[in-house]
Amino acid sequence: MPSRAAPVIATSAANSAALPAPAHVRAISPYQPGKPIDELARELGLAPEAIVKLASNENPRGMPASARRAMERAMREVGRYPDSNGFGLKSALAQKFAVPMDWLTLGNGSNEILELAAATVLEPGASVVYAQHSFAVYALATQARGGRHIVVPARDYGHDLDAMAAAIESDTRLVYIANPNNPTGTFAGAERVAAFLARVPSHVVVVLDEAYNEYLAPERRFDSTRWVREFPNLLVSRTFSKAYGLAGLRVGYGVAQPELTDLINRVRAPFNVNVLAQAAATAALADEEFLAESYALNRAGMLQLTAAFRQMHLRYVPSAGNFVLVEVGAADRVNSELLQRGVIVRPVANYGLPNWLRVTIGTPAENDKFIVSLGPALASARGAEASPASSPASSA
Ligand SMILES: Cc1ncc(COP(=O)(O)O)c(C=O)c1O
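The text that follows walks through the structure, step by step, so that each part is easy to find.

## Some details on the nonpolar core
Counting 63 residues, the largest nonpolar core has Leu93, Met164, Val175, Phe196, Leu234 and Phe240 as its most contacted members. The biggest single contributor to this core is helix α12 (residues 275-286), with 9 residues. The contacts of Phe240, once residues within four sequence positions are left out, are Leu89, Leu93, Gly245, Leu246, Ala247, Val251, Gly252, Tyr253, Ala281 and Leu285. Counting residues in each nonpolar core, the second largest holds 29 residues, with Ala136, Tyr138, Ala141 and Leu353 among its members.

The following block contains the structure:
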(Lines give C-alpha, C1' and ligand atoms only; values in the text may rest on other atoms or scores of the structure.)
Protein backbone atom coordinates (compact mmCIF):
# COMPACT_ATOMS: atom_id res chain seq x y z
CA MET A 1 0.00 0.00 0.00
CA PRO A 2 1.42 3.44 -0.88
CA SER A 3 2.56 5.42 2.15
CA ARG A 4 1.33 9.00 2.66
CA ALA A 5 4.38 10.00 4.67
CA ALA A 6 7.09 12.02 2.91
CA PRO A 7 10.00 9.75 2.04
CA VAL A 8 12.95 10.07 4.38
CA ILE A 9 16.13 10.66 2.43
CA ALA A 10 19.26 9.84 4.36
CA THR A 11 22.04 12.40 3.99
CA SER A 12 25.31 12.74 5.80
CA ALA A 13 28.27 15.05 5.92
CA ALA A 14 30.30 12.25 4.39
CA ASN A 15 28.00 12.22 1.33
CA SER A 16 28.40 15.97 0.90
CA ALA A 17 32.19 15.77 1.22
CA ALA A 18 32.24 13.34 -1.70
CA LEU A 19 30.55 15.88 -4.00
CA PRO A 20 32.92 17.68 -6.35
CA ALA A 21 32.49 21.25 -5.00
CA PRO A 22 35.79 23.17 -4.81
CA ALA A 23 37.05 24.41 -1.44
CA HIS A 24 36.14 28.02 -2.24
CA VAL A 25 32.50 26.99 -2.75
CA ARG A 26 32.45 24.97 0.47
CA ALA A 27 33.78 28.03 2.30
CA ILE A 28 30.80 30.21 1.32
CA SER A 29 28.54 31.42 4.14
CA PRO A 30 25.17 31.81 2.44
CA TYR A 31 23.50 35.23 2.20
CA GLN A 32 21.26 35.93 5.20
CA PRO A 33 17.99 37.44 3.99
CA GLY A 34 15.52 39.35 6.18
CA LYS A 35 13.11 37.12 8.08
CA PRO A 36 9.89 36.59 6.07
CA ILE A 37 6.66 37.94 7.62
CA ASP A 38 4.88 34.57 7.32
CA GLU A 39 7.68 32.80 9.17
CA LEU A 40 7.45 35.14 12.18
CA ALA A 41 3.63 35.00 12.04
CA ARG A 42 3.81 31.18 12.32
CA GLU A 43 6.34 31.38 15.16
CA LEU A 44 4.32 33.91 17.19
CA GLY A 45 0.89 32.63 16.22
CA LEU A 46 0.03 36.11 14.93
CA ALA A 47 -1.80 37.27 11.80
CA PRO A 48 0.73 38.40 9.16
CA GLU A 49 -1.03 41.81 9.12
CA ALA A 50 0.03 42.34 12.74
CA ILE A 51 3.71 42.16 11.78
CA VAL A 52 5.86 44.99 10.51
CA LYS A 53 8.83 44.11 8.32
CA LEU A 54 11.50 46.77 8.06
CA ALA A 55 14.30 44.39 7.16
CA SER A 56 14.92 44.24 3.43
CA ASN A 57 14.95 47.84 2.16
CA GLU A 58 11.79 47.32 0.13
CA ASN A 59 9.41 50.12 -0.80
CA PRO A 60 6.66 50.08 1.87
CA ARG A 61 4.11 51.22 -0.74
CA GLY A 62 4.49 48.01 -2.72
CA MET A 63 4.37 48.05 -6.51
CA PRO A 64 3.02 50.99 -8.55
CA ALA A 65 -0.51 50.56 -9.93
CA SER A 66 0.90 51.35 -13.39
CA ALA A 67 3.23 48.34 -13.12
CA ARG A 68 0.42 46.11 -11.88
CA ARG A 69 -1.69 47.02 -14.92
CA ALA A 70 1.23 46.37 -17.27
CA MET A 71 1.81 43.02 -15.60
CA GLU A 72 -1.83 42.06 -15.96
CA ARG A 73 -1.66 42.84 -19.68
CA ALA A 74 1.54 40.80 -19.98
CA MET A 75 -0.05 37.75 -18.32
CA ARG A 76 -1.24 36.52 -21.69
CA GLU A 77 2.40 36.27 -22.84
CA VAL A 78 3.52 34.02 -20.02
CA GLY A 79 3.20 30.83 -22.06
CA ARG A 80 6.10 32.02 -24.19
CA TYR A 81 9.70 32.75 -23.26
CA PRO A 82 10.46 36.40 -22.57
CA ASP A 83 12.41 38.52 -25.03
CA SER A 84 15.93 37.50 -24.02
CA ASN A 85 17.21 40.89 -25.17
CA GLY A 86 14.51 42.82 -23.31
CA PHE A 87 13.82 45.17 -26.22
CA GLY A 88 10.95 47.11 -24.63
CA LEU A 89 12.65 47.76 -21.30
CA LYS A 90 16.04 48.46 -22.86
CA SER A 91 14.47 50.95 -25.28
CA ALA A 92 12.90 52.80 -22.36
CA LEU A 93 16.18 52.79 -20.41
CA ALA A 94 18.18 53.85 -23.48
CA GLN A 95 15.87 56.80 -23.92
CA LYS A 96 15.98 57.76 -20.25
CA PHE A 97 19.78 57.73 -20.07
CA ALA A 98 20.48 58.76 -23.66
CA VAL A 99 22.69 55.71 -24.24
CA PRO A 100 22.59 53.16 -27.09
CA MET A 101 20.77 49.91 -26.34
CA ASP A 102 23.96 47.88 -26.60
CA TRP A 103 25.20 49.63 -23.46
CA LEU A 104 22.52 47.92 -21.37
CA THR A 105 22.32 44.57 -19.59
CA LEU A 106 19.18 43.39 -17.82
CA GLY A 107 19.53 41.31 -14.68
CA ASN A 108 17.42 39.14 -12.40
CA GLY A 109 17.64 41.93 -9.85
CA SER A 110 20.76 44.08 -9.85
CA ASN A 111 22.18 41.24 -7.75
CA GLU A 112 22.62 39.33 -10.98
CA ILE A 113 24.48 42.26 -12.54
CA LEU A 114 26.92 42.15 -9.60
CA GLU A 115 27.34 38.40 -10.09
CA LEU A 116 27.72 38.72 -13.86
CA ALA A 117 30.52 41.23 -13.42
CA ALA A 118 32.44 38.72 -11.32
CA ALA A 119 31.65 35.85 -13.71
CA THR A 120 32.92 37.94 -16.63
CA VAL A 121 36.29 39.07 -15.31
CA LEU A 122 37.32 36.87 -12.39
CA GLU A 123 39.44 33.78 -12.43
CA PRO A 124 40.43 31.78 -9.34
CA GLY A 125 43.13 33.58 -7.35
CA ALA A 126 42.56 37.00 -8.93
CA SER A 127 41.64 39.72 -6.45
CA VAL A 128 38.59 41.89 -5.87
CA VAL A 129 38.61 45.14 -3.89
CA TYR A 130 35.61 46.19 -1.81
CA ALA A 131 35.01 48.08 1.43
CA GLN A 132 34.51 46.80 4.95
CA HIS A 133 30.80 46.99 5.88
CA SER A 134 29.76 47.04 2.21
CA PHE A 135 27.04 44.95 0.56
CA ALA A 136 27.40 41.21 1.35
CA VAL A 137 27.02 40.07 -2.25
CA TYR A 138 30.47 41.46 -3.18
CA ALA A 139 32.13 38.96 -0.87
CA LEU A 140 29.83 36.16 -2.07
CA ALA A 141 30.42 36.84 -5.78
CA THR A 142 34.17 36.91 -5.15
CA GLN A 143 34.16 33.76 -3.03
CA ALA A 144 32.00 31.77 -5.46
CA ARG A 145 34.66 32.21 -8.16
CA GLY A 146 37.69 31.50 -6.01
CA GLY A 147 38.70 35.17 -6.02
CA ARG A 148 40.92 36.77 -3.42
CA HIS A 149 39.26 39.36 -1.16
CA ILE A 150 40.92 42.72 -0.59
CA VAL A 151 38.68 44.31 2.03
CA VAL A 152 39.53 47.96 2.63
CA PRO A 153 38.77 49.31 6.12
CA ALA A 154 35.80 51.66 6.16
CA ARG A 155 36.18 55.31 7.05
CA ASP A 156 33.35 56.72 9.14
CA TYR A 157 31.35 53.61 8.13
CA GLY A 158 31.71 54.50 4.44
CA HIS A 159 34.05 53.77 1.54
CA ASP A 160 37.57 55.14 1.85
CA LEU A 161 38.01 55.66 -1.89
CA ASP A 162 41.65 56.80 -1.66
CA ALA A 163 42.56 53.68 0.28
CA MET A 164 40.55 51.55 -2.15
CA ALA A 165 42.43 52.97 -5.15
CA ALA A 166 45.71 52.35 -3.34
CA ALA A 167 44.66 48.76 -2.50
CA ILE A 168 44.39 47.70 -6.14
CA GLU A 169 47.05 45.11 -6.96
CA SER A 170 48.42 43.81 -10.25
CA ASP A 171 46.03 40.83 -10.17
CA THR A 172 42.95 42.91 -9.24
CA ARG A 173 40.15 42.46 -11.76
CA LEU A 174 37.21 44.09 -10.05
CA VAL A 175 36.29 46.82 -7.56
CA TYR A 176 32.81 47.07 -6.06
CA ILE A 177 31.50 50.37 -4.76
CA ALA A 178 28.02 50.77 -3.29
CA ASN A 179 26.81 54.34 -3.46
CA PRO A 180 24.80 54.77 -1.27
CA ASN A 181 26.19 51.82 0.66
CA ASN A 182 24.13 49.08 2.27
CA PRO A 183 24.00 48.56 5.27
CA THR A 184 25.58 51.85 6.39
CA GLY A 185 23.72 54.30 4.12
CA THR A 186 26.90 56.32 3.53
CA PHE A 187 27.33 58.23 0.29
CA ALA A 188 30.36 59.41 -1.66
CA GLY A 189 29.83 62.62 -3.63
CA ALA A 190 30.46 63.02 -7.36
CA GLU A 191 33.89 64.63 -6.99
CA ARG A 192 35.24 61.81 -4.85
CA VAL A 193 33.89 59.11 -7.16
CA ALA A 194 35.26 60.87 -10.27
CA ALA A 195 38.69 61.22 -8.67
CA PHE A 196 38.61 57.53 -7.74
CA LEU A 197 37.63 56.42 -11.25
CA ALA A 198 40.50 58.43 -12.72
CA ARG A 199 42.96 56.50 -10.52
CA VAL A 200 41.76 52.99 -11.39
CA PRO A 201 43.85 51.22 -14.07
CA SER A 202 41.85 50.56 -17.24
CA HIS A 203 42.17 46.76 -16.95
CA VAL A 204 40.26 46.78 -13.63
CA VAL A 205 36.46 46.78 -13.89
CA VAL A 206 34.65 49.06 -11.45
CA VAL A 207 31.08 48.20 -10.52
CA LEU A 208 29.32 51.30 -9.23
CA ASP A 209 26.30 49.84 -7.46
CA GLU A 210 23.58 52.48 -7.30
CA ALA A 211 20.70 50.37 -5.98
CA TYR A 212 19.50 53.29 -3.82
CA ASN A 213 20.18 56.08 -6.32
CA GLU A 214 16.55 57.17 -6.59
CA TYR A 215 16.46 57.99 -2.87
CA LEU A 216 19.22 60.60 -3.15
CA ALA A 217 18.26 64.18 -2.39
CA PRO A 218 18.19 66.26 -5.62
CA GLU A 219 21.30 68.22 -4.67
CA ARG A 220 23.29 64.98 -4.36
CA ARG A 221 22.22 63.41 -7.64
CA PHE A 222 24.57 63.24 -10.57
CA ASP A 223 24.55 61.54 -13.93
CA SER A 224 26.84 58.54 -13.48
CA THR A 225 26.27 57.46 -17.10
CA ARG A 226 28.48 60.45 -17.94
CA TRP A 227 31.35 58.48 -16.40
CA VAL A 228 30.33 55.37 -18.35
CA ARG A 229 31.04 57.39 -21.51
CA GLU A 230 34.47 58.30 -20.18
CA PHE A 231 35.56 54.99 -18.61
CA PRO A 232 35.28 51.75 -20.67
CA ASN A 233 35.96 49.76 -17.48
CA LEU A 234 32.95 51.13 -15.57
CA LEU A 235 29.67 49.27 -15.03
CA VAL A 236 26.87 51.17 -13.27
CA SER A 237 24.17 48.95 -11.77
CA ARG A 238 20.67 49.98 -10.72
CA THR A 239 17.52 48.20 -9.65
CA PHE A 240 13.74 48.22 -9.75
CA SER A 241 13.65 46.55 -6.31
CA LYS A 242 13.85 49.63 -4.12
CA ALA A 243 12.25 52.97 -5.02
CA TYR A 244 10.33 51.40 -7.95
CA GLY A 245 8.69 48.87 -5.60
CA LEU A 246 9.30 45.69 -7.64
CA ALA A 247 11.60 43.64 -5.37
CA GLY A 248 9.58 40.46 -5.78
CA LEU A 249 9.81 40.53 -9.56
CA ARG A 250 13.63 40.62 -9.63
CA VAL A 251 14.74 43.11 -12.22
CA GLY A 252 17.77 45.37 -12.40
CA TYR A 253 20.13 46.65 -15.07
CA GLY A 254 23.69 47.58 -15.84
CA VAL A 255 25.05 50.38 -18.01
CA ALA A 256 28.52 50.02 -19.55
CA GLN A 257 30.24 50.63 -22.86
CA PRO A 258 29.48 48.00 -25.55
CA GLU A 259 32.75 46.03 -25.23
CA LEU A 260 32.15 45.31 -21.54
CA THR A 261 28.41 44.84 -22.08
CA ASP A 262 29.11 42.30 -24.81
CA LEU A 263 31.38 40.27 -22.50
CA ILE A 264 28.85 40.38 -19.66
CA ASN A 265 26.12 39.14 -21.97
CA ARG A 266 28.21 36.11 -22.93
CA VAL A 267 27.88 34.76 -19.38
CA ARG A 268 24.31 35.91 -18.81
CA ALA A 269 21.74 33.10 -18.82
CA PRO A 270 19.23 33.44 -21.65
CA PHE A 271 15.75 34.69 -20.62
CA ASN A 272 17.07 35.84 -17.23
CA VAL A 273 14.37 38.51 -16.77
CA ASN A 274 10.85 37.16 -17.00
CA VAL A 275 7.91 38.46 -19.04
CA LEU A 276 6.04 40.04 -16.11
CA ALA A 277 9.15 41.70 -14.69
CA GLN A 278 10.03 43.30 -18.03
CA ALA A 279 6.50 44.65 -18.49
CA ALA A 280 6.21 45.95 -14.92
CA ALA A 281 9.67 47.58 -14.95
CA THR A 282 8.96 49.36 -18.24
CA ALA A 283 5.78 50.83 -16.78
CA ALA A 284 7.42 51.71 -13.44
CA LEU A 285 10.26 53.52 -15.20
CA ALA A 286 7.74 55.88 -16.78
CA ASP A 287 5.84 56.43 -13.53
CA GLU A 288 7.55 59.57 -12.27
CA GLU A 289 4.70 60.35 -9.91
CA PHE A 290 5.11 57.05 -8.05
CA LEU A 291 8.85 57.65 -7.77
CA ALA A 292 8.40 61.18 -6.45
CA GLU A 293 5.83 60.03 -3.88
CA SER A 294 8.12 57.19 -2.76
CA TYR A 295 10.99 59.60 -2.38
CA ALA A 296 8.86 61.97 -0.29
CA LEU A 297 7.55 59.15 1.92
CA ASN A 298 11.09 57.95 2.52
CA ARG A 299 12.35 61.38 3.41
CA ALA A 300 9.54 61.92 5.91
CA GLY A 301 10.09 58.45 7.39
CA MET A 302 13.81 59.08 7.71
CA LEU A 303 13.07 62.24 9.68
CA GLN A 304 10.56 60.34 11.84
CA LEU A 305 13.06 57.60 12.74
CA THR A 306 16.11 59.78 13.24
CA ALA A 307 14.14 62.23 15.44
CA ALA A 308 13.13 59.26 17.61
CA PHE A 309 16.73 58.01 17.78
CA ARG A 310 17.93 61.44 18.89
CA GLN A 311 15.22 61.57 21.52
CA MET A 312 16.28 58.13 22.78
CA HIS A 313 19.97 59.16 22.70
CA LEU A 314 20.79 56.43 20.18
CA ARG A 315 23.63 56.96 17.73
CA TYR A 316 22.83 56.46 14.04
CA VAL A 317 24.71 56.80 10.77
CA PRO A 318 23.18 59.53 8.57
CA SER A 319 21.80 57.64 5.59
CA ALA A 320 21.27 58.48 1.93
CA GLY A 321 19.19 55.33 1.34
CA ASN A 322 15.80 53.98 2.47
CA PHE A 323 17.18 52.51 5.69
CA VAL A 324 19.22 53.65 8.66
CA LEU A 325 21.79 52.01 10.88
CA VAL A 326 21.25 52.56 14.60
CA GLU A 327 23.48 51.57 17.51
CA VAL A 328 21.56 49.66 20.18
CA GLY A 329 24.19 47.73 22.17
CA ALA A 330 23.64 43.97 22.13
CA ALA A 331 21.78 43.99 18.82
CA ASP A 332 21.00 40.27 18.80
CA ARG A 333 19.08 40.63 22.07
CA VAL A 334 17.30 43.81 20.97
CA ASN A 335 16.41 42.10 17.71
CA SER A 336 14.87 39.12 19.57
CA GLU A 337 12.85 41.53 21.69
CA LEU A 338 11.62 43.37 18.61
CA LEU A 339 10.65 40.06 16.97
CA GLN A 340 8.59 39.19 20.06
CA ARG A 341 6.74 42.46 19.48
CA GLY A 342 6.09 41.65 15.82
CA VAL A 343 8.77 43.93 14.35
CA ILE A 344 11.36 42.55 11.93
CA VAL A 345 14.51 44.61 11.39
CA ARG A 346 17.97 43.49 10.31
CA PRO A 347 20.82 42.65 12.67
CA VAL A 348 24.12 43.32 10.93
CA ALA A 349 26.67 41.36 12.96
CA ASN A 350 27.56 39.54 9.74
CA TYR A 351 28.74 42.93 8.43
CA GLY A 352 31.06 43.33 11.43
CA LEU A 353 28.53 45.57 13.21
CA PRO A 354 27.29 43.51 16.19
CA ASN A 355 25.97 46.53 18.12
CA TRP A 356 23.86 47.91 15.31
CA LEU A 357 20.51 47.25 13.67
CA ARG A 358 19.57 48.28 10.16
CA VAL A 359 16.02 49.57 9.93
CA THR A 360 14.22 50.09 6.62
CA ILE A 361 12.04 53.19 6.37
CA GLY A 362 8.40 52.08 6.33
CA THR A 363 5.05 53.85 6.21
CA PRO A 364 4.42 56.36 9.04
CA ALA A 365 2.37 53.70 10.89
CA GLU A 366 5.07 51.02 10.46
CA ASN A 367 7.77 53.43 11.62
CA ASP A 368 5.60 54.27 14.58
CA LYS A 369 5.15 50.64 15.57
CA PHE A 370 8.92 50.18 15.41
CA ILE A 371 9.58 53.32 17.48
CA VAL A 372 6.98 52.37 20.09
CA SER A 373 8.45 48.86 20.32
CA LEU A 374 12.08 49.95 20.44
CA GLY A 375 12.04 51.51 23.94
CA PRO A 376 10.62 48.39 25.68
CA ALA A 377 12.81 46.13 23.52
CA LEU A 378 15.92 48.03 24.61
CA ALA A 379 14.81 47.93 28.26
CA SER A 380 14.10 44.18 28.14
CA ALA A 381 17.37 43.47 26.36
CA ARG A 382 19.29 45.47 28.96
CA GLY A 383 17.38 43.71 31.76
CA ALA A 384 18.27 40.34 30.24
CA GLU A 385 21.88 41.40 30.03
CA ALA A 386 21.89 42.41 33.71
CA SER A 387 20.40 39.05 34.79
CA PRO A 388 21.93 36.47 32.43
CA ALA A 389 20.06 33.55 34.06
CA SER A 390 16.86 34.76 32.39
CA SER A 391 18.38 35.41 28.98
CA PRO A 392 17.20 33.28 26.04
CA ALA A 393 20.78 32.24 25.32
CA SER A 394 21.43 30.83 28.78
CA SER A 395 18.01 29.28 29.27
CA ALA A 396 18.16 27.40 25.94
C1 LIG B 1 23.75 47.89 -2.34
C2 LIG B 1 22.85 46.88 -2.95
N3 LIG B 1 23.10 46.48 -4.20
C4 LIG B 1 22.33 45.59 -4.83
C5 LIG B 1 21.26 45.01 -4.19
C6 LIG B 1 20.50 43.95 -4.90
O7 LIG B 1 19.17 44.25 -5.05
P8 LIG B 1 18.30 43.60 -6.19
O9 LIG B 1 18.96 42.33 -6.62
O10 LIG B 1 16.98 43.39 -5.60
O11 LIG B 1 18.33 44.59 -7.32
C12 LIG B 1 20.95 45.38 -2.88
C13 LIG B 1 19.82 44.75 -2.17
O14 LIG B 1 19.55 44.92 -1.04
C15 LIG B 1 21.77 46.34 -2.26
O16 LIG B 1 21.53 46.72 -1.01
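## Re the sheet that holds strand β2 (residues 104-107)
If you trace the 7 strands from one edge of the open sheet to the other, you get β2-β8-β7-β6-β5-β3-β4, paired in mixed fashion. This sheet does not close on itself; its edge strands, each paired only once, are β2 and β4 (148-152). If you compare each strand with its neighbour and ignore which way they point, the axes differ by 20 degrees on average. Both strand β3 (residues 127-131) and β4 contribute to a ladder of 5 bridges, which runs parallel. Counted as the bridge partner of Tyr130 is Val151 from β4.

## Observations concerning the environment of Ala243
Positionally, Ala243 belongs in the loop between β7 (234-239) and β8 (252-255). Overall, Ala243 belongs to the buried group, its relative accessible area being 1%. Separated by 31 residues in sequence, Ala243 and Tyr212 place their C-alpha atoms 7.4 Å apart. Not counting chain neighbours up to four residues away, the residues in contact with Ala243 comprise Asn59, Glu214, Tyr215, Phe290, Leu291 and Ser294.

## With respect to the sheet that holds strand β10 (residues 323-327)
Pairing in this open sheet of 4 strands is antiparallel, and the strands run β9-β10-β13-β12 from one edge to the other. Looking along the sheet, the strands with just one partner apiece sit at the ends: β9 (316-317) and β12 (346-348). Across 3 bridges, β12 lies against strand β13 (residues 353-360) in antiparallel orientation. Pairing of Val348 across the sheet is with Leu353, part of β13. Sheet strands in contact with helix α13 (residues 288-311) are β9, β10 and β13, and its direction is about 5 degrees off that of β10.

Definitions and cut-offs
- Residues numbered from 1 in each chain as written.
- Predicted model: local features only at pLDDT ≥ 70, side-chain atom pairs only at ≥ 80, totals over all residues.
- Heavy atoms only, no water.
- Core = buried A, V, L, I, M, F, W, Y, C linked by side-chain atoms within 4.5 Å.
- Buried < 20%, exposed > 50% of the residue type's maximum accessible area, 1.4 Å probe, protein only.
- Helix = DSSP H or I, 4+ residues; strand = E, 2+ residues; numbered from the N terminus.
- Contact = heavy atoms within 4.5 Å.
- Pairing = 2+ DSSP bridges.
- Axes fitted to C-alpha atoms, helices over the stretch in contact; angles between N-to-C directions.

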